[in-house]
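Take a look at the letters that make up each chain.
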Amino acid sequence: MDWNFLRVLKAIAAVLAGTALTILCASAHAEDKPIRIGLVTFLSGPAAGPFGVPAKMAAEAIVDSLNAGKAPAPFNTKGFGGTPLELTIVDEAGGATKQVTELRNLVERQNVDFVIGYISSGDCLAVAPVAEELKTLTILFDCGTPRVFEEASYKYVFRTRSHATMDAVAGALYLLENRPAVKSFAGINQNYAWGQDSWADFTAVMAALKPEAAITTSQMPKFGAGQYGPEISALLQTNSDVIHSSLWGGDLEAFMLQATPRALFGRSQLVLVAGEPYLHRLAGNMPDGTIVGARGPNGVYAQKSALNDWLRQIYKERAEIYPNYPAYSVAMAFLGLKAAYEKARGAGTGAPATDDVIKAFEYLNFDSPAGKVMMKLGKGHQAVTGTAYGTTRTVNGQVTVGNVKYYPLERVQPPEGQKSLDWIKSGMKPGKW
Amino acid sequence: MNQLVAVLIDGLIYSSWLFIIAVGLTLIYGVMKILNIAHGSLYALGAYSAAALAGYWINQGHPPIGSYAAMLVAAILVGLIAGPVIERGLLRFMYGKDEIVLVLVTYAVFLILEDFIKLAWGVDPYFLYQPYSLLGSFDVGDLTYPVYNLVLFGVAVLIGVSLAWVLTKTRRGKMLVAVIHDREMAAAMGINVSLVYFMTFTVGAMLGAVGGALTAPMISVQPGIGAETIVLAFAVVVIGGLGSLPGAALAAVLVGLVRSAAVHYRPELDLFAIYFVMAVVLIMRPKGLFSVQEARKI
Amino acid sequence: MRRDYTLRILGVVLVALLAAGPLLPRWAMFLITVSLCYGTVVLGMMLLMRTGVVSFGHGLYYCLGAYAAGTLDVLFGVSDIAVMLLAAILVTAVVSALLGLLLRKYRDIFFAMLSLAFSMILYGLLVKTSALGSSDGFNVAAKTLFGIRIAGTEFERYLIFAITVLTAFLAAVCIHKYLASHMGRLAGAIRDNELRVEYMGASVRNTIHVNYIMSAVLAGLGGALAAVSVGHIDPEMSYWTTSGEFVFVAILAGTGNVLAPFLGSFIFETIRSFAYEYSPNTWQMALGTTMLLVIMFLPGGLWSLFTRMRKAA
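The structure displayed is predicted, hence computed values, not measured ones. (Residues numbered from 1 in each chain as written. Chains lettered and ligands numbered in written order. Predicted model: local features only at pLDDT ≥ 70, side-chain atom pairs only at ≥ 80, totals over all residues.)

Draft legend 1. Representation of the overall build of chain A. Counting secondary structure elements, chain A contains 15 helices and 15 strands. Computed over its C-alpha atoms, the radius of gyration of chain A comes to 23 Å, within 12% of the 22 Å expected for a compact globule of 433 residues. A principal-axis box enclosing the C-alpha atoms of chain A has dimensions of 80 × 65 × 45 Å. Split into buried and exposed, the 433 residues of chain A put 60% on the buried side. (Helix = DSSP H or I, 4+ residues; strand = E, 2+ residues; numbered from the N terminus. Rg over C-alpha atoms; globule rule 2.2 N^0.38 Å. Buried ≥ 20, exposed ≤ 12 C-beta atoms within 10 Å, placed from the backbone.)

Shown next as structure tokens:
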């Protein structure tokens, strides 16, 4: 054989061997005593600031506090049932394909026991079947799309927060209660699934509750556009009574920056479905009277309780500001998992099997800083809560909310077995809970 | 009638913004034949530095009118530091290589700078709204526009006119144009091509940073703004014809008006607007609107 | 005369992978599967680059292939992998034949930007289509292979891995033989000097068109395979950053040999994966620096390592 051929063969063999070695090293872990939890959240890109990093800071604060046994009852055992927790953090950036790969790495290479993660709806939809295949209990902690449990059933996948339908329903209810004479409304939403679904839900609710209200224009700027000059001009010209928007993060800030000096909000009432995370940054650019949602009774809408005080304190120590709704979402995930784990463990001494934790988690009711969470949809895998909306007012240079109204879950959640949009279109009859 | 006026004004404002961010890129490509993907990072660096410096200025209690100067100073500093570092420190060693390899180099620089920005300024967006609202607003019909947008328009015109003047009326400028047309002949004629490259890249970097600095008061300066602008800048440059200044201006106006019209009349087409224009222009004029004549080499 | 061992090496790698598959940890098998999918697309990019054109819009075909495979289930209830691959080939061949009529007149950056424009137009169309899940996309579940049910069986992942390895192997062999053929060698000639090729009597535009179609079909195959193995497709596959990644891996790998794209894809995926794990806050910087190092020390791409060894002999 020609030795050139041999050389190339040897090189390939070397590469394969090197890879095999790396694989072996990577998967050789010492016996793990703590419970390893993988956290997948945005650490880069536009979603990192408002959602990803607050979720990470909340998770770190919660894990530290739980490991020290400092959480209020009934969560005051150390870690989960006495076993300490260990957090592994992965960046959610890079798209759905990347996240599927990373989930496999998390479970098979880094040997995590549970996964809590996913802010982007696209990522949630993509990883759910993979979590099933990997037989790893995965909690989707923040994504909004109702599709996860309305299009499929899962054994290993849970979501400990309500999906986005209630944001639209409650937003419309609150709007019509405070401003019943709405004759026209417009929308400005980012042109991707979240924005499109928000708008579709809102228009469906308005059509059911106030069919006479006319839609003037639906602006759909590109996600991350940042430049809303023409959109604002178009909105100004329509002279709508109401403007609905699911803009968030930097895009929302840019929009407010550009719209406020142009007196858009003197003409139109603004409804911000997901406006809460950056309220504290928008002082001076958030006109009084804006209707703001926090995707649940989170953040500024969280009612006083021992758990709420606890979260606010441990988060403020780490982040220097009070927690926003992604922090609450992550808290719900950790506390729900802790409750299920400890219920499955019962009086036993060993770690409960995943199947037992799943059985305990289904249809579980547990307390959280945002109030009571009940896993009643998606065959026990999807959480339902009520929600709240309020109106902004600037007091002493800070943006606060007033005129807060709470909506119980019967009014804002579709019942089991009925798709959200169908429920809305058929009149939103309260289900039996 | 009112809506048409709105379309025109919005279009011109957006065009000004596009022109400012694209002009540095077309200069760099025209002279150095490098597709500078890092231009997006320079834009982001300019925005962040302007927000930081002007924000600091305002927070220290100095008169807000000075924040404009602070923004400009920040942008120029970014250009003066980042430009030479990238060009002398990295690109200089890669000139002989294939064009496409240079693109990969600028992409690697872009990745590195993105994380550098994240490390330096964190992931939370920066706010700098005072310069935007400071100058007040003016009314056109029943629409209100901030005066700052006029400033944007003015700066775009200023940059365009002064660059055009430099390129056609000054000796240095004419040497630059010579290098754009034919690098080898220019070198044979005794032009210091290496120095021209250095100056061009630095000026291009400054222009990119200025674009970012001027945009900072209008937006929320956050991670990822660089990536979004790259494609827009490229599209404008390609539509206009690479290396052509009047081309970039005309392309910016075209794209701005088309986008504005889309937003007012058919908002759901906004996503396609720029790519549609690019496809149509390239189909009709394969080398862009104004392309530099190139001799065919046999 | 230098003997060409590519086909033998390909055969050895095929057998080695198929044999080692069940022994590998699952995440490694998945990593290799995804690398091979990307590698197939990059193989197409390599073919185009050898012809002297760089497409910044191959995400278009990658996405089309994936959606062709995925919508088969939604529209016709078909979820057989073989049929999905066939659909991907058909759809991408037709679209590239049409678009190629226009694109083959362009070169350099204009080719790149026009192809980018088309891929972004597809992106826009898909994002607007809520029936296809808009920007969230939808899940794809392949249930049978040549009629044999695989979903839910123990061998599911291995079979998907095996079919990917096999498809990649066949693609590599075909392209290798093509590049050694008359028309294939024309590609390099076109890259060097189009005018002379025209003087010789060969049609530059036709060759570019044919190579474009072949590279598009490869991208579509890669996309369909990715859809099956990842299980999820979304419009992001058509976004310019996806196309950009293919270009970068192609340059990184080098265009010397059909093995290069696969090797390059595998190394890129591995580096990216480890960068995510060990530096979640600075993985972009790690990736960028690695790329720069490769460019500085291996200007011909990673494959030039092997050719250098050969020259040293």
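Draft legend 2. The overall build of chain B, seen in detail. Summing up its helical and strand segments, chain B has 12 helices and 2 strands in all. The linear arrangement of helices and strands in chain B, starting from the amino end, is α-α-α-α-α-β-β-α-α-α-α-α-α-α. Taking 298 residues into account, the globule formula puts the C-alpha radius of gyration at 19 Å, and chain B, at 19 Å, falls close to it. Along the first, second and third principal axes, the C-alpha atoms of chain B reach 60 × 45 × 35 Å. Looking at the 298 residues of chain B, the share that counts as buried comes to 59%.

Draft legend 3. Broad picture of the interface of chain B and chain A. Counting residues at the interface gives 35 residues for chain B and 33 residues for chain A. Secondary structure elements with two or more residues in the side of chain B that touches chain A: helix 1 (2-32), helix 5 (130-134), strand 2 (143-146), helix 10 (225-240) and helix 11 (245-265) of chain B. By residue class, the composition of the side of chain B that touches chain A is 19 nonpolar, 9 polar and 7 charged. (Contact = placed C-beta atoms within 7 Å. Nonpolar A, V, L, I, M, F, W, Y, C, P; charged D, E, K, R; others polar.)

Draft legend 4. Fine view of helix 7 (residues 171-181) of chain B. For helix 7 of chain B, the complete set of buried residues consists of Met175, Leu176, Val179 and Ile180 of chain B. Seen end-on, helix 7 of chain B carries its buried residues on one side only, within an arc spanning 150 degrees. (Arc of directions from axis to C-beta.)

Draft legend 5. Representation of the sheet that holds strand 14 (residues 387-395) of chain A within the structure. Residue and element names in this part refer to chain A. The sheet built from 7 strands is open, its strands ordered 7-6-8-9-10-14-15 with mixed pairing. Looking at strand neighbours, the two that pair on one side only are strand 7 (214-219) and strand 15 (398-407), the edges of this open sheet. The sheet shows a mean angle of 25 degrees between the axes of neighbouring strands, taken without regard to direction. Direction of pairing for strand 9 (residues 269-272) relative to strand 10 (residues 291-293): parallel, over a ladder of 2 bridges. (Pairing = 2+ DSSP bridges. Axes fitted to C-alpha atoms, helices over the stretch in contact; angles between N-to-C directions.)

Draft legend 6. Up close: unusual backbone geometry. Residues and elements named next belong to chain A. Omega for the bond connecting Ala73 with Pro74 falls within 30 degrees of zero, at 5 degrees, which places this linkage in the cis form. Assignment of secondary structure puts Pro74 in the loop between helix 2 (48-67) and strand 2 (85-91). Of note in this structure, Met428 is not a glycine but carries a positive phi near 55 degrees. Along the chain, Met428 falls in the segment after helix 15 (420-425).

Draft legend 7. Spatial organisation of the packing of helix 2 (residues 26-50) of chain C against helix 11 (residues 259-278) of chain C. All names here are of chain C. It is the contact of helix 2 with helix 11, at a shortest axis distance of 7 Å, that shows an interaxial angle of 130 degrees. In this view, helix 2 runs oblique relative to helix 11, as classed from their interaxial angle. When the axes of helix 2 and helix 11 are compared, the crossing they make is right-handed. Taking contact as the criterion, the partners of Leu31, Ile32, Val34, Ser35, Leu36, Tyr38, Gly39, Val42, Leu43 and Met46 in helix 2 are, on helix 11, Ala260, Pro261, Phe262, Gly264, Ser265, Phe266, Glu269, Thr270 and Ser273. Classifying every residue of the contact of helix 2 with helix 11 by side-chain character gives 12 nonpolar, 6 polar and 1 charged. (Parallel < 35°, antiparallel > 145°, perpendicular 65-115°, else oblique. Left-handed = near helix turned anticlockwise from the far one by under 90°.)

Draft legend 8. Region of the structure containing the domain arrangement of chain A. Residue and element names in this part refer to chain A. We note that the domain assignment places domain 1 (35-163 + 302-384) and domain 2 (165-294 + 386-425) within chain A. Distance from the C-alpha centre of domain 1 to the C-alpha centre of domain 2: 28 Å. Each partner contributes residues to the interface: domain 1 has 19 residues there, and domain 2 has 19 residues. The set of elements that each furnish at least two residues to the side of domain 1 that touches domain 2 consists of helix 2, helix 4 (121-134) and helix 12 (325-345). Of the residues contributing to the side of domain 1 that touches domain 2, the split by class is 10 nonpolar, 8 polar and 1 charged. (Domains from an automatic or database assignment.)

Draft legend 9. Spatial organisation of the confidence of the model for chain B. Residues and elements named next belong to chain B. In the predicted model, chain B carries a mean pLDDT of 86, and the fraction of residues at 70 or more is 97%. Per-element confidence in chain B ranges from a low mean pLDDT of 79 for helix 5 to a high of 91 for helix 9 (residues 193-215). At the level of chain-chain contacts, confidence expressed as ipTM amounts to 0.83, with global pTM at 0.88. (pLDDT = per-residue confidence, 0-100.)

Draft legend 10. Local environment of the nonpolar core. Ranked by size, the top nonpolar core spans 383 residues in total, and within it Ala22, Val236, Ile239 and Met278 of chain B together with Ala69, Met113 and Ala224 of chain C carry the most contacts. In terms of residue count, the dominant contributor to this core is helix 1 of chain B (19 residues). Mapping this core onto the domain boundaries places at least three of its residues in each of domain 1 (35-163 + 302-384) and domain 2 (165-294 + 386-425) of chain A. With residues up to four places along the chain from it excluded, the contact list for Met113 of chain C reads Phe234, Val238, Met278 and Leu282 of chain B together with Phe56 of chain C. (Core = buried A, V, L, I, M, F, W, Y, C linked by C-beta atoms within 7 Å.)

Draft legend 11. Examining the confidence of the model for chain A more closely. Confidence in the prediction of chain A, expressed as mean pLDDT, is 88, and 93% of residues score 70 or more. The model gives residues 25-32 of chain A a pLDDT under 50, and that stretch makes 5 contacts with residues more than four places away or in other chains.

Draft legend 12. Representation of the pairing of strand 2 of chain A. Residue and element names in this part refer to chain A. For strand 1 (residues 35-41) and strand 2, the ladder comprises 7 bridges, and the chain directions are parallel. In the sheet register, Val40 faces strand 2, and the bridge partner there is Val90. Between the parallel elements strand 1 and strand 2, the chain passes through helix 2 in a crossover that is right-handed. (Right-handed = clockwise from strand over helix to strand, strands pointing away.)

Draft legend 13. Region of the structure containing the packing of helix 2 of chain A against helix 11 (residues 306-319) of chain A. Residues and elements named next belong to chain A. Relative to each other, helix 2 and helix 11 sit at 120 degrees, their axes nearing to 9 Å. Note that helix 2 runs across helix 11; the crossing there is right-handed. Residues Pro54, Met57, Ala58, Glu60, Ala61, Ile62 and Ser65 of helix 2 pack against Ile314, Tyr315, Arg318 and Ala319 of helix 11.

Draft legend 14. Representation of the pairing of strand 15 of chain A. Bridge analysis of strand 14 of chain A against strand 15 of chain A gives 8 bridges, and the strand direction is antiparallel. Looking across to strand 15 of chain A, one finds that Thr387 of chain A is bridged to Tyr407 of chain A.

Draft legend 15. Structural detail: helix 12 of chain A. Residues and elements named next belong to chain A. A rise of 1.5 Å per residue sets the reference length of helix 12, with its 21 residues, at 30 Å; its end C-alpha atoms lie 30 Å apart and thus fit the reference within 8%. Burial analysis of helix 12 places 19 of its 21 residues in the buried class, the great majority of the element. The first or second residue beyond helix 12 is Gly346, which carries a positive phi of 60 degrees. (Expected span 1.5 Å × (residues − 1).)

Draft legend 16. Quick look at the environment of Leu221 of chain C. Residue and element names in this part refer to chain C. Note that Leu221 resides in helix 9 (residues 204-230). Note on Leu221: 28 C-beta atoms within 10 Å, which makes it buried. A sequence separation of 29 residues divides Leu221 from Asp192, and the C-alpha atoms of the two residues are 29 Å apart. Contact partners of Leu221, with chain neighbours within four places excluded, come to Thr40, Gly65, Leu85, Ala88, Ile89, Thr167 and Ala171.

Draft legend 17. Examining the environment of Val166 of chain B more closely. Structurally, Val166 of chain B can be placed in helix 6 (residues 147-169). For the pair formed by Val166 of chain B and Val258 of chain B, sequence separation is 92 residues and the distance between their alpha carbons is 30 Å.

Draft legend 18. Region of interest: the environment of Asn281 of chain C. Residues and elements named next belong to chain C. Along the chain, Asn281 falls in the loop between helix 11 and helix 12 (283-297). We classify Asn281 as partly exposed; it has 15 C-beta atoms within 10 Å. Residues Asn281 and Ser115, spaced 166 residues apart in sequence, show a C-alpha to C-alpha distance of 33 Å.

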